[in-house]
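The residues making up each chain are set out below.
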Amino acid sequence: MDVKRVKDYLYWLYYQYQLVTCSYVLEPWEQSMFHTITVTVLAMVVYTAYVFVPIHVRLALEFFSQIFGPRPEGAV
């Protein structure tokens, strides 16, 4: 893959991010604060999903298996 194309694509993605969040109108120190807070919140959401979603899925499966119980041998 061409390095220049990848660099241009990443720049385009960053530009789209700035347009969507309207962070291009902020001063440089405000932009750095905004980006730091955004990355921190995103990291916390990803970490929380990684840690807690599998636990809740397992508990939900156990709950519903207790409600519906084991299936009879001849049931389809």
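Residues numbered from 1 in each chain as written. Predicted model: local features only at pLDDT ≥ 70, side-chain atom pairs only at ≥ 80, totals over all residues. Heavy atoms only, no water.

An unreviewed UniProt entry annotates the protein as Serine palmitoyltransferase small subunit B originating from Regulus satrapa. As its UniProt record puts it under Sequence similarities (unreviewed entry), the protein is described as follows: "Belongs to the SPTSS family. SPTSSB subfamily." UniProt lists a comment for the protein under the heading Subcellular location (unreviewed entry), and it reads "Endoplasmic reticulum membrane". (UniProt positions renumbered as here; feature names shortened; annotations may be inferred.)

1. Focus on the UniProt feature "transmembrane region" (unreviewed entry) in the protein
Feature annotation in UniProt places "transmembrane region" (unreviewed entry) on residues 32-53, given in this structure's numbering. Here residues 32-53 runs as 100% helix and 0% strand, with 31 Å between its end C-alpha atoms. (Helix = DSSP H or I, 4+ residues; strand = E, 2+ residues; numbered from the N terminus.)

2. A look at helix H2 (residues 28-68)
Taking 1.5 Å per residue as the helical rise, H2 with its 41 residues ought to reach 60 Å, and the 58 Å between its terminal C-alpha atoms agrees with that figure. Phe52 marks the point of greatest bend in H2, at about 35°, and the proline Pro54 comes within the next four residues. Looking one or two places after H2, you find Gly69, whose phi comes out positive at around 70°. (Expected span 1.5 Å × (residues − 1). Bend = angle between axes of the 7 residues up to and from the residue.)

3. Notes on helix H1 (residues 3-21)
Two residues of an α-helix separated by three or four positions point the same way, owing to the 3.6 residues in each turn. Here H1 contains 19 residues, and its C-alpha end-to-end distance of 27 Å stays within 8% of the 27 Å for a straight helix at 1.5 Å per residue. Positive phi shows up at Cys22, right after H1, with a value of about 60°.

4. Brief notes about unusual backbone geometry
In the Ramachandran plot, Cys22 falls in the positive-phi region, its phi being about 60° despite a non-glycine side chain. With respect to the helices, strands and loops of the structure, Cys22 is situated in the loop between H1 and H2.

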